[in-house]
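Residue strings, one per chain:
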Amino acid sequence: MFTLREILTRSTEYLKKNGIEGARLDGELLVAHVLGLSRLKLYLQLERPLEETELAAARRLLWQRAKKRLPVAYLLGKKEFYGLDFFVDESVLIPRPETELLVERVLEFAPGAQTALEVGVGSGAIAVSLAKALPKLQVWATDLSEQALAVAQKNCLLHQVTGQVHLYKGSLGAPLEELAGSFEVVVSNPPYIPKGELAALAPELKCEPQLALDGGADGLAVIRPLVRQAFSFLSPGGLLALEIGSGQGQAVTGIAQEAGFADSQCQSDYAGLERLFFAWRPGK
């Protein structure tokens, strides 16, 4: 019978052997999940022997991580974002720290906003985080995927914001055309990876929904119509906030100017890469 200490050591070695970066952390998270413990409590029970059923469950998750390269978030069924835990599965992108920056800037640039539109809601991480931070905010959110909308609804229920976040199925802002001109914020983390670069993505990223990653030939196939629609959906003085691909800032700035936006700026992520784009509709 193996102790917890032995399993953590073997798990790390197994994941490292299979080329997994962060093997120790991933092993700890997966074993902790199987045992229903926090990572801290793992280290308070290192001499605890594991039952055969626990070993079998841990081995199954470790195999999926090592051989199928499934991301840890999918194996755990959850991911922390902006201080909240979100349910995730393979129908939605895994929320990332770079997108937390998008939420932070929206709260900074539009702290009193009461109406927002999110295009491509996915797991609901952005919409829910904004709703929790701004209790008076009403968010309308769209997505093409029924499965993603189901995940977003689950997270809205989990975080008790169903009265603030309203979900609609459809392309970009199409389901909400009657609300044109009424939003103070339009926010989105759209697909922005050029199609030709998808094949070179890490195996873990290939497990995520390609619909949410594929930005067409130049990575801007969704961003172009999104920016044009955003201008019509925003009220005067309204904010457009986007996550974009590194190196796309100049092109997106040009698209925004053509759409009618006058004031815009790009910001970098934690790695110093161009990642965020903001523009304001003239007025007020």
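For the structure itself, look to the data block above.
Residues numbered from 1 in each chain as written. Predicted model: local features only at pLDDT ≥ 70, side-chain atom pairs only at ≥ 80, totals over all residues. Heavy atoms only, no water.

Caption draft 1: Looking closely at the packing of aromatic side chains. In this structure the tally under the stated criterion is 6 aromatic pairs. A ring pair is formed by Phe81 and Phe86, whose centres lie 6.2 Å apart and whose planes are at 75°; its orientation type is edge-to-face. Judged by relative accessible area, which is 1%, Phe86 ranks as buried. An angle of 75° between the planes, with centres 5.3 Å apart, marks the rings of Phe109 and Trp280 as edge-to-face. With Phe109 in helix 6 (residues 97-109) and Trp280 in strand 9 (residues 274-280), this pair connects stretches of sequence that are 171 residues apart. For Phe109, a relative accessible area of 25% gives the class partly exposed. (Phe/Tyr/Trp six-rings, centres within 6.5 Å; stacked < 30°, edge-to-face > 60°. Buried < 20%, exposed > 50% of the residue type's maximum accessible area, 1.4 Å probe, protein only. Helix = DSSP H or I, 4+ residues; strand = E, 2+ residues; numbered from the N terminus.)

Caption draft 2: Looking closely at the environment of Glu118. With respect to the helices and strands, the residue Glu118 is situated in strand 3 (residues 115-119). Take Glu118: its relative accessible area is 2%, and that puts it in the buried class. Residues Glu118 and His166, 48 residues apart in the sequence, show an inter-C-alpha distance of 10.0 Å. Non-local contacts of Glu118, meaning those with residues more than four positions away in its chain, are made with Ile126, Ala127, Val139, Trp140, Ala141, Thr142 and Val187. (Contact = heavy atoms within 4.5 Å.)

Caption draft 3: Structural detail: helix 2 (residues 23-35). For helix 2, spanning 13 residues, the distance from its first C-alpha to its last is 18 Å, which sits close to the expected 18 Å at 1.5 Å a residue. If you check which residues of helix 2 are buried, you get Ala23, Asp26, Gly27, Glu28, Leu30, Val31, Ala32 and Leu35. Buried residues in helix 2 make contact with helix 1 (4-17), helix 3 (39-42), helix 4 (52-67) and helix 5 (72-76). Positive phi shows up at Gly36, right after helix 2, with a value of about 70°. (Expected span 1.5 Å × (residues − 1).)

Bear in mind that shape data such as this cannot, by itself, settle questions of function.
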